[in-house]
Amino acid sequence: LDEALIFEIGDKNTTGVDLPEPDTNAPNRLGGMERAADIGLPGLSEPETVRHYTRLSRQNYAIDLGLFPLGSCTMKHNPRLNEKVARMPGFADLHPMAPTSTTQGALAVIYQLAEWLKTLTGMPAVAMSPKAGAHGELCGILAIRAALEARGDARKVVLCPESAHGTNPATAAFAGYEVEDIPATPEGRVDLAALEARLGPDVAAVMITNPNTCGLFERDFRKIADAVHAAGGLVYCDGANFNAIVGRVRPGDLGVDAMHINLHKTFSTPHGGGGPGSGPVVFSEALAPFAPLPFVEKTVDGYELVEEETAGDHHQLSFGRMTAFHGQMGMFTRALTYMLSHGADGLKQVSEDAVLNANYILRSLEDVLFAPYADSGPCMHEALFGDKGFAEGMTTLDLAKGLIDEGFHPMTMYFPLVVHGAMLVEPTETESKAALDQFIGAMRSVAERAIAGDQSLKTAPHYAPMRRLDETLAARKPVLAWSDPGLV
Amino acid sequence: LDEALIFEIGDKNTTGVDLPEPDTNAPNRLGGMERAADIGLPGLSEPETVRHYTRLSRQNYAIDLGLFPLGSCTMKHNPRLNEKVARMPGFADLHPMAPTSTTQGALAVIYQLAEWLKTLTGMPAVAMSPKAGAHGELCGILAIRAALEARGDARKVVLCPESAHGTNPATAAFAGYEVEDIPATPEGRVDLAALEARLGPDVAAVMITNPNTCGLFERDFRKIADAVHAAGGLVYCDGANFNAIVGRVRPGDLGVDAMHINLHKTFSTPHGGGGPGSGPVVFSEALAPFAPLPFVEKTVDGYELVEEETAGDHHQLSFGRMTAFHGQMGMFTRALTYMLSHGADGLKQVSEDAVLNANYILRSLEDVLFAPYADSGPCMHEALFGDKGFAEGMTTLDLAKGLIDEGFHPMTMYFPLVVHGAMLVEPTETESKAALDQFIGAMRSVAERAIAGDQSLKTAPHYAPMRRLDETLAARKPVLAWSDPGLV
Amino acid sequence: MRYLPLTDTDRSAMLEMIGAPDVDALFVDVPSEAQLAGPIHGLPMHASEMAVERHMAKLAGQNMAASSVPFFLGAGAYKHHIPASVDHIIQRGEFLTAYTPYQPEIAQGTLQMLFEFQSQIARLYGCAVANASMYDGSTACWEAVAMAGRVTKRSRAVMSGALHPHYTNVVKTMAKFTGDTIADAQPAIQPKADNAGLISRIDDETSCVVVQYPDILGRLPDLQQIADAAHSKGALLIVVNTEPVALGAITSPGELGADIVVGEGQSIGVGLQFGGPYLGLFAVRDPKHVRQMPGRLCGETVDAEGKRGFVLTLSTREQHIRREKATSNICTNSGLCALAFSVHMTLLGEKGLRALAAENHRLACIAADTLSVLPGVRLLNDAFFNEFTLLLDGDARQIVRDLAAENVLAGVSLGRLYPDHPELSGGLLVAVTETTTEEDINALAAALKEKLA
Amino acid sequence: MRYLPLTDTDRSAMLEMIGAPDVDALFVDVPSEAQLAGPIHGLPMHASEMAVERHMAKLAGQNMAASSVPFFLGAGAYKHHIPASVDHIIQRGEFLTAYTPYQPEIAQGTLQMLFEFQSQIARLYGCAVANASMYDGSTACWEAVAMAGRVTKRSRAVMSGALHPHYTNVVKTMAKFTGDTIADAQPAIQPKADNAGLISRIDDETSCVVVQYPDILGRLPDLQQIADAAHSKGALLIVVNTEPVALGAITSPGELGADIVVGEGQSIGVGLQFGGPYLGLFAVRDPKHVRQMPGRLCGETVDAEGKRGFVLTLSTREQHIRREKATSNICTNSGLCALAFSVHMTLLGEKGLRALAAENHRLACIAADTLSVLPGVRLLNDAFFNEFTLLLDGDARQIVRDLAAENVLAGVSLGRLYPDHPELSGGLLVAVTETTTEEDINALAAALKEKLA
C-alpha cells in the first residue's frame, strides 16, 4: 500500500489536539498583523497521525534493522539508555537562558564531557557549541584564521587532500580561504614530500582526515604537523574517523591544532535520518584563546556559563559566537552517558573491535573485490574497494542496488574520489561476527554478479519498497513542495 | 530474511548487561540449594537484542499499521499519552504493599476509576481486581454463587446463548455450574419465550452479552432480567461490547446484576499481542456485599485499601480474593487517562461513531456479502456477515486470508457459531471514513473472488511475511519449546 | 476529539449512505427509557492532553516511588533494574497494538517471541513445556491446583504454610466453589521450612502438594524430599516461585522433581506497577501433561512453502473451542509482559542471570549481617536468596508505617500478610536486590536502631 | 561490554582469518609513541546501565525543570506542550537510527516526511520552497545573509537592532571572516519597532535587510513597508522568526514580501533541551532562488515503475558534490527535529495551530494586563503575540536571579542579552504560552510585587 501525503489525507478542519475554540470576536493586540488568509496546513486526528508515520517509518532501513556499512559515517548501535537519559526532565525541559543557579547539573554535563573529550584527544581546550561536524570544521578554521590574524599573518590558502570529505574544502571556502589539493601517494596516504614542497608563507593550514578516508592511518602525521608548523601554518584534523582510534591514540600527541569530534559518530548519538549531529572542537594551546563563546568553567561557586555578558577580559580573544545557545545539549547527555557506559576500558575495546571488524571484511573480500590499498597493511575502521574487474557497463551503483536486494544498506559509494568506483565499508564495533559473515556473503554474491555481468543488477533493487528512482527527473523539474491548491 | 531464534543466535557467554563477575569462591547462604547445572539460556548483546526484536515486530500486523476489524475485540487506537502516564515513576515504580500513606495517589486512581465505572454503568459497586475479561466473568459468577449460597439457594444451572463468547460457558463450568444453551430467534436475539420456559428454581443465572455477538442490541433485555429475577435467578451481562453504548446507555438501567468491563476494549488499553487485559466487574445492590477483596475506600483521612488485614466486619460477606494484589494498576492509569481525555461528551461520541462506522460497513457490503440480520434494523458496533453465496469449496477462511493480501487484518471468523461461516466486522470509532472506504473496497474485491470461485484465494496469503501455516501439523506433533541440546 | 477521525461532514455523508436521518436512528433497538438524553452526569467534559497529563502527574506525585527512597519491599514483587531497551521494544506499535495472534501469517513477531519465551521459561524452571503466560503468579497457582485435580482425579490439595498468603487465599477462594479440599499448614516461624509437617499431611486422596521456593519467609525448602513423598502417594508436586532471579543461583524446581512449576515473572522486565499487570508463569515437567495445561501454547510448524513458522496450537484445550469443557476459562493473558520478560532475559542470558543472582545474594548477605546485629533484631533464616525474615522487638506493622514517614520503606510486615496470626507481629520481610545500595542498607539500619532503642 | 557483540572466541577466529597475531598488529601504522599502553587515564572504567542512569539522574536532578515552576522564559526558545505521540514516533528505530537518505529506495520514510515538512514550512512562511532544515535559527540567519550576498552580489547587510542579539553575534562573527559589512541598528526601547531607522540604512550596496518578526522585544514590525524599501534598492528582505506558533495568528512573512524567511522551529515538537538540538528553518519566496539555497532539498520523482517517490535533489549546490564551490558547508542537519516538528504540525493542522496561537495570545494578554499594573512595572509593547517586554524599576538581571531562588523563573533580562547596553538593564522579556496557568501569572505578579516594593 502506498502511503498518501498528509496533504492528501488531512484537511484544514481536522486536528489531533484538543484546544479551546478561539473566540474570533475577542479583541487582540497583534497590532494589525493578524492573519487573514488560510495557511493551508492539513491536520490529522491522532490515530491517523500515528498510523501515517508508523507506516512511513517502515519504508526506511536503519541500524535497528541491520548492518549499515556506510564508510566514514560510523553507523553504530544507539543505546536506548542514552535516549532515556536525554529525556529526563532536568535535561529535556530546561531553558538555555535559565539562571545558572538553576542549571548546575546541565553545566556539569557540558563541563564533564568537555574534560573527557580533552582527555581522549590529549588537547588542552575544547569548544562545545558547534552543531555538527561541518560546523565544527568551520569553528576550527575560524580559530585558525583568528590566531593567524592576531599575529598579523593574513595567509590565504588551505591545503586539503583529494580524498577529503567535501565539507573540508567547502568549510575553508566559507571561511574565506582558497583551497588547494594535496596529492596522495600510491598507497593512499598524504604525499609528505609534495606537501612539504607546497608549504610556504601563504599556507594558513592543512586539513587532514586521520585515519583518512581510504581507511588508513596517516603514518607521517607527526612529520606533516611538524612541517606545517615550521612553515608557520596550523594543522586541522578532520575527526570524523576518530572511532578507529578512540581510547588508544590521542590526536594531541600527533601535533594537531584543531579537530572536531562527531558525537553522532564516535559517541553514538543517533543519526536520526540526517541529524542532529554535534561537533565539539578540541584545540591546541596555540588556538585555545581564540575559541568561540560560550563555554563552561568550573569555579569555587559551581559551574559558570561564560558568554558575552560574563566573558569579560580573560576571554577577549574569542573569535565570537557560532550559534544562539550552548550547543547540542541533547547530544551531550547522550554522549556522556555513552562514555560512562564504556569507560576507559570499553572505549579502547570499541576502537579495537571496530578495526578488527573492518580488517575481517577487507580480508574476506579482497579475493573477489579489488582492494587498492590492501597491500599497504591493515586498514583501520573501514575497508576500501574499487570497481576494477567488473564486467563492462557494471558499476558500483549497480552493486549497491543489488546489495539492497540482499537485505543490506549499501556502503558509501564513489568516495573517496581517488579510487575508481570506490566502495567504502565501515562495519563499526557493534556488529557481531555472524552479522559480518552474512554481510560478507551478500557482498561476495553481488560482486560475483557484477563481475559476471549479470544484467538483472542494472535494474536492482527488485525487492525494496521502491524500484530505482529517477534522480535526474527530480533535478531537471524540481518539485520541492506540495502544490495542489485543492486542500479543503 | 528469516529471523533466527535467540537460541540460534545467542550463546551462554554473551550478555547484554554489565554486571560484576560473580566471585565463584565466595561463601553463600543458599542452604545447599545452589545450582550446579547450566540453565541453557542464550544471551545477546544489546545491539543484537534490539535488532532481533525490531525485526520480529515487523512481521506483525497492528492497529498502528491499519484497520483491525476483529469483531468483539474492539481494536481501537491506543493513545500514546496513556503509555506516558502509566510510566510516571509514581505509578510504575510503586510496590503493591507499600504503606498506604505512601500510595495515596495510586489509591485515588483506583477509586476515581471505580467511581466513573459505576457512573457509566449505573451500578452501585465495582470490583477492580479481576485481571482480564474472563477473570471478570469468573468474579461475577462467583459473586452470584456466593449470594445464592448466602440465602441457602444451591442452584446448579447457568444459561448461555449459543452465540456467547466461549469464556461464558467455560467460566460457569470453572465456578462449578452446569451450562445450558438459550436458543436465539431468527433475527439473532435471545428467544424470550424459550428462556422464560426454561427458568426455574435450578437456574442460578443467565449470562447474556449485550450488545450481543451478532452485533445487535437485546431489545428485550429488561424483560429477560425481570423474568430471571422473578424466577429467583441473577443476570450476568458480558460487557465485552460495552463500547457500542458507553456514555449513552447504562446497563444498570436494564436490570443487570453483574457485568465485567474490558478496559482493554472500551477504554483503549493496548492489547499487546494478547494481553494484559483488565476486567473490573460492576455489581447490583444484590451482589455488592459479596464483592472480592481488595478494594479502595475513601475516608476522612484519605484513601484506604481494604484487604484481609483491614476488611473487618463490614466486609465479611466478601467471597474472597481473586489475585495477589489490587488488579491491573497499569491498565487503570491508562483507562482513567482515556476517560479524562474523552470526558462525558467524548465517550458519547465514541459509541455513536463506533455504531455509525459499523452500520456504514454493513450497508456498504450487504449487496455483496450475505448479512443475515440486516433486515433486523441497524447493527450496533459490529456488522455480521455469512458465507452464503460463496462458490463451492470457498470458505470464510479463504476470504480472510485473501484480505491479508489486500493489506488488512481479517475480521473475526466462524464466530458467533449461529451463522454459517460467520464474519464479524468491528471497525471501532477510531477509523476515518477514508480508511473504512479502503477496507470496504478490499472486502468487496475479495468477496467477489470468493463468489466467483477464484482458486487463488485457496492458497492466500501470497504477499504476507509467511504463506498459509500448517496448524494441523503443529497440533499433531507439538513442538512447544526449543530443544536443541547444542547450545554453547 | 483528538482520537476521533470522523468530521461532521463525514458523519452526514455516512448517515445518508446508511439511510438514517441521524445517529439516534441507529440506536432504535435500545428502549428509549434506557437512553441518556445528553452527556452522562458525573464525568467531566473532554480535556486537552496537557490538562490530562497534569492531572495524572499530580496523582503520581502523591506516591512515594520505590527508587526515590531506601527500599526493601518484596513478598512477591521485587524492584529490579530494567534495561531501557526493554521498554523501547515493548512500545513498538507492532507489539503494543497487536491482538492475540489468531492470524499467524501476519503475527509471526508475537508468535516467535512466545515460542522463545516458552522455551526460556521451560529451561529456567527445569521443565519440558511452558505456556504463553497467565495473569500472575497467584492465579497460575490456582490453575495448577485445578490441573492437578484433572490429572490425578483427586481433589485434596496440601499447601505449605509458607506459601504467600495471598496465593493461599486465591486458592481457598476458588476451592470454596469447586469443592476442592485444601489442607494448609500454618506458617511455622523457624529457621528451616517445616518439610516434615507438610509431608505428614500427604495421603492417598491428595492431588497435589504446593510449596513455595524460596518460600514467603525467604527460606529454601529441600524440594527433592517433598517430591519423593508426594510421588510415593501418587500426588503431584507444585512448586511456586515468586522471584525468578533466584533461579540463577539455585537449582530449578523441575530438576528437583516438581511436576508443575508456576510463578510470578514480574522481576524480569515487568516492574512493580503497584501490583499489575504482572506475569503468570506455568510449566510442566512431563510433556504428557501438556493436554491438561491451561492457557495458550505456541508451537512450531511450517508454512505452505515449508518455511518454519509458529502458530497457537492445542487450542482444543481452550474455552473458545471447548467452551464449558475447557481446561480453563482464560483468554487474554499477559502477552506484553511476556515480551518484556523475554527481552530482559535475552539481554541477561545465562551469564547475566547468574551474575544478577550472585549480586542480589551478595547484597542480601551484607544486609542480613548488618541488620541482624542491631539490638532488638534477630535473623530468622538459616538460608535465603535475596529476601529474609527479621524478628523485631515490636509490632513490625507499626514500625513499617513509622519508617515510611521517615522516607524509609523497610519491608513487608508479616502482620499485614497474616492478620490472623498475632504471634507473627514482630516479623519483617526484607528484600534486597541489585538496586539496593550499601547506603540504603545503612539507612535502614540507622532507622531501625533508632526506632527499637 | 553490553554494546559489543564480539566474544573473545570471535576475536581469535577473526584475527586468525586476517593473519594477525593480535589486535595490536592492526594498529601497526600508528607510531608506537602515539599509542597508549592501557586504558586511558582520567576516565572511569565501564559501568552498568543502572550505575550510569543513577549518575545522570543525579545531574538532571540538579536542574530546575521548566515545568516544575512558574516559568516565563522565551527569547528564542519556548516551552510548549508536545503531544506524547510525537516522541513515540521519533523513537521508532526506523527513523531514529537511519542515516541521511542517500539510498532512496530504502529511505522513503525519511524522504516523504522531509517533502511533507518542506511543504508545511513553505506554507507556514508563505514561501515557495523550504529546505530540509538547518542547525538552528541563528545559523540559518547567517546562511540567509550569505545567500543574499550570492543573489545580489553585494556584501552589506542591514540588520535590525531588534534581532535576537545571539543571532546578530553569529552573523557578525561570520562576517568578520567573509568580509561582509554589517550595518546594525541599536535596540530601540520604544513601543513600536524602529522601521524608519532601519529603512534609512538601506542603500544601493545593501544585499539584504534582516528583521525579526515578532522581534526580540516581542513587537510586530510592519514588514510590508520594509520589504518595499528593500526591494526599491535591489536588496532582499530576510525575515527571522523564532516563534513559529505566532504564524498561526499573524500574517506570514512571505505574504508580506519577505524574500528569504528563516527561523527557529523549536517551539513545535522539539522542546527546550537547554538550547539544542534545535531546528533551523529556511525558505525562499521566489522559486528562482532555489539554486542559491543552502542545505538539503527533497524532491518528488518517480521510480522505474512510474510510482511516485522522493529523493534528495539539486545536490549540485552541496559540499559533497561541489566541495569549495558549494552554497554552504552544511552536511548533517536537524532531520529528527524536522520529523518532530512535522508530526506535531500534522497533529495541529490549520485548525489546531490557529487555536494554539489564539490560546497563547489570550494568556499573554492576561499576563500583560496583570503584570503591567504592578507598581514599578511598565509594559513597553503596543502590540505583541506571546512575549512582551516589561520595564522594571530595578536591575532585571538581579531580579531574575533573585526570583529563581524563590522558584519563579521570571523571564530573560535584556541586560543578559545586551550586556553592553546599561540603559536596557530594567528590561525583562516575559513569554507566555498555552502551558502557562493563571496561577503561574499570579505567582510571578506576587513575586515581582514583593521584589519591587
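Owing to the predicted nature of the structure, the values given are computational and were not obtained by experimental measurement. (Residues numbered from 1 in each chain as written. Chains lettered and ligands numbered in written order. Predicted model: local features only at pLDDT ≥ 70, side-chain atom pairs only at ≥ 80, totals over all residues. Heavy atoms only, no water.)

## A short note on the overall build of chain C
Check the secondary structure of chain C and you find 14 helices and 13 strands. Projecting the C-alpha coordinates of chain C onto the three principal axes gives extents of approximately 80 × 55 × 45 Å. Considering chain C as a whole, with its 453 residues, one finds that 71% of them fall into the buried category. Look at the contacts in chain C between residues 6 or more apart in sequence, and 72% of them connect residues 24 or more apart. Looking at charge distribution, chain C has the averaged site of its 36 positive side-chain charges lying 4 Å from that of its 50 negative ones. (Helix = DSSP H or I, 4+ residues; strand = E, 2+ residues; numbered from the N terminus. Buried < 20%, exposed > 50% of the residue type's maximum accessible area, 1.4 Å probe, protein only. Contact = heavy atoms within 4.5 Å. Lys, Arg positive; Asp, Glu negative; His and termini not counted. Charge placed at Lys NZ, Arg CZ, Asp CG, Glu CD.)

## Examining the overall build of chain A
Tallying secondary structure elements over chain A gives 14 helices and 12 strands in all. In summary, chain A has a C-alpha radius of gyration of 25 Å against a globular reference of 23 Å for 488 residues, a match within 12%. Contacts in chain A between residues far apart in sequence, at least 24 positions, make up 71% of those at least 6 positions apart. Between the averaged position of the 39 positive side-chain charges in chain A and that of its 61 negative side-chain charges there is a distance of 2 Å. (Rg over C-alpha atoms; globule rule 2.2 N^0.38 Å.)

## Focus: the pattern of salt bridges
What the rule picks out here adds up to 116 salt bridges over all chains. Between B:Glu8 and C:Arg308 there is a salt bridge, with the nearest N and O atoms lying 2.8 Å from each other. With one member in each of two chains, B:Glu8 in helix H1 (residues 6–9) and C:Arg308 in strand S9 (residues 308–313) form a pair that bridges those chains. D:Arg354 is the salt-bridge partner of D:Glu350, the closest N and O atoms lying 3.3 Å from each other. In this pair, D:Glu350 and D:Arg354 both sit in helix H11 (residues 335–372), four residues apart, roughly one turn of the helix. A cluster of three or more residues bridged by salt bridges with shared partners is formed by A:Arg58, B:Arg58, C:Arg92, C:Glu94, D:Arg92 and D:Glu94. (Salt bridge = Lys/Arg side-chain N within 4 Å of Asp/Glu carboxyl O.)

## Observations concerning helix H7 (residues 165–178) of chain D
Residues and elements named next belong to chain D. With 14 residues, H7 ought to run about 20 Å at 1.5 Å a step, and its terminal C-alpha atoms sit 20 Å apart, in line with that. Among the 14 residues in H7, 10 count as buried, and that is most of the element. Buried within H7 are the following residues: Pro165, His166, Tyr167, Thr168, Val170, Val171, Thr173, Met174, Ala175 and Phe177. Where H7 ends, the next residue or the one after it, Gly179, has phi of about 85°, a positive value. (Expected span 1.5 Å × (residues − 1).)

## Some thoughts on empty space enclosed by the protein
Approximately 130 Å³ is the volume found for the largest cavity. In this structure, the largest cavity is lined by 16 residues; those nearest its centre are D:Ser160, D:Gly161, D:Ala162, D:Ala193 and D:Asp194. Residue composition of the lining of the largest cavity, grouped by class: eight nonpolar, five polar and three charged. Taken together, A:His135, A:Leu138, A:Phe174, A:Arg321, A:Met322, D:Tyr135, D:Thr139, D:Trp142, D:Glu143, D:Val170, D:Met174 and D:Asn329 make up the lining of the second largest cavity. (1 Å grid on protein atoms, 1.4 Å probe; cavity = no way out; pocket = protein on both sides within 12 Å on 5 of 7 lines; lining within 4 Å. Points joined across faces, edges and corners; volume = space filled by probe spheres on them. Nonpolar A, V, L, I, M, F, W, Y, C, P; charged D, E, K, R; others polar.)

## Digging into the domain arrangement of chain C
Interface size is commonly expressed as the accessible area that is lost once the parts come together. Residues and elements named next belong to chain C. Domains assigned within chain C are domain 1 (68–82 + 350–452) and domain 2 (84–344). Each of domain 1 and domain 2 has a C-alpha centre, and the two are 27 Å apart. Counting residues at the interface gives 31 residues for domain 1 and 37 residues for domain 2. Here domain 1 meets domain 2 over a buried area of about 2,600 Å², counting both sides, of which 68% is carbon and sulfur. Counting the surface domain 1 buries against domain 2, the share from its top three residues, Ile82, Leu380 and Phe385, is 23%. The interface formed by domain 1 and domain 2 holds one salt bridge in total. The salt bridge involving Lys192 is made with Asp382; its shortest N-O contact spans 2.6 Å. (Domains from an automatic or database assignment. Buried area = accessible area lost by both parts, 1.4 Å probe.)

## As for the interface of chain C and chain B
Counting from both sides, the interface comprises 199 residues of chain C and, opposite them, 206 residues of chain B. Buried surface at the junction of chain C and chain B, both sides included, amounts to about 17,200 Å², of which 64% is carbon and sulfur. Here chain C and chain B share 15 salt bridges between them. On the surface where chain C and chain B come into contact, there are 96 residue pairs in polar contact (both at pLDDT 80 or more). A total of 24 residues in the side of chain C that touches chain B trace back to one element, the largest contributor, which is helix H11 (residues 335–372) of chain C. Tallied by class, residues from the side of chain C that touches chain B come to 107 nonpolar, 56 polar and 36 charged. (Polar contact = N/O pair within 3.5 Å; in protein donor to acceptor, adjacent residues only side chain to side chain.)

## Observations concerning the packing of aromatic side chains
Following the criterion strictly, the structure yields 23 aromatic pairs over all chains and no others. Ring centres 5.3 Å apart and planes at 70° place the aromatic pair A:Tyr61 and A:Phe68 in the edge-to-face group. Across the pair, A:Phe68 and A:Tyr61 agree in class, each one buried. When the ring of B:Phe267 is compared with that of B:Tyr338, the centres are 6.2 Å apart and the planes differ by 75°; the resulting orientation is edge-to-face. (Phe/Tyr/Trp six-rings, centres within 6.5 Å; stacked < 30°, edge-to-face > 60°.)

## Overview of the domain arrangement of chain A
Residue and element names in this part refer to chain A. Along its sequence, chain A is carved into domain 1 (81–336) and domain 2 (345–473). Measuring from the centre of the C-alpha atoms in domain 1 to the corresponding centre in domain 2 gives 30 Å. Listed per partner, the contact involves 25 residues of domain 1 and 21 residues of domain 2. For the pair domain 1 and domain 2, the two sides together bury roughly 1,800 Å², of which 63% comes from carbon and sulfur. Connecting domain 1 to domain 2 are one salt bridge.

## Digging into the sheet that holds strand S10 (residues 383–385) of chain A
Residue and element names in this part refer to chain A. Overall, antiparallel pairing links the three strands, which are arranged S10-S12-S11 in an open sheet. Only two strands of the sheet have a single neighbouring strand rather than two, namely S10 and strand S11 (412–413). In this sheet, strand S12 (residues 423–425) lies alongside S10 in antiparallel orientation, the contact comprising three bridges. Bridged to Phe385 within S12 is Met423. Contacts from helix H11 (residues 329–365) reach S10 and S12 within the one sheet, and its direction differs from that of S10 by about 30°. (Pairing = 2+ DSSP bridges. Axes fitted to C-alpha atoms, helices over the stretch in contact; angles between N-to-C directions.)

## A short note on the sheet that holds strand S7 (residues 280–284) of chain C
All names here are of chain C. Here seven strands make up an open sheet; going across it, the order is S1-S7-S6-S5-S4-S2-S3 and the pairing mixed. Each having just a single partner strand, strand S1 (129–130) and strand S3 (181–184) make up the two edges of the open sheet. Bridge count between S1 and S7: two bridges; the pairing is antiparallel. The residue bridging Ala130 from the neighbouring strand is Ala283, located in S7. Packing against the sheet, helix H7 (residues 165–178) makes contact with strand S2 (156–159), S3, strand S5 (236–241) and strand S6 (260–264), and its axis sits at approximately 155° to S3.

## Thoughts on the environment of D:Thr242
Residues and elements named next belong to chain D. Looking at the element boundaries, Thr242 is found in the loop between strand S5 (236–241) and strand S6 (260–264). Here Thr242 falls in the buried class, since its relative accessible area comes to 3%. Placed 163 residues apart in sequence, Thr242 and Lys79 show a C-alpha to C-alpha distance of 12 Å. Discounting residues that sit within four places of it in the chain, Thr242 has contacts with Gly76, Tyr78, Tyr167, Gln212 and Glu264.

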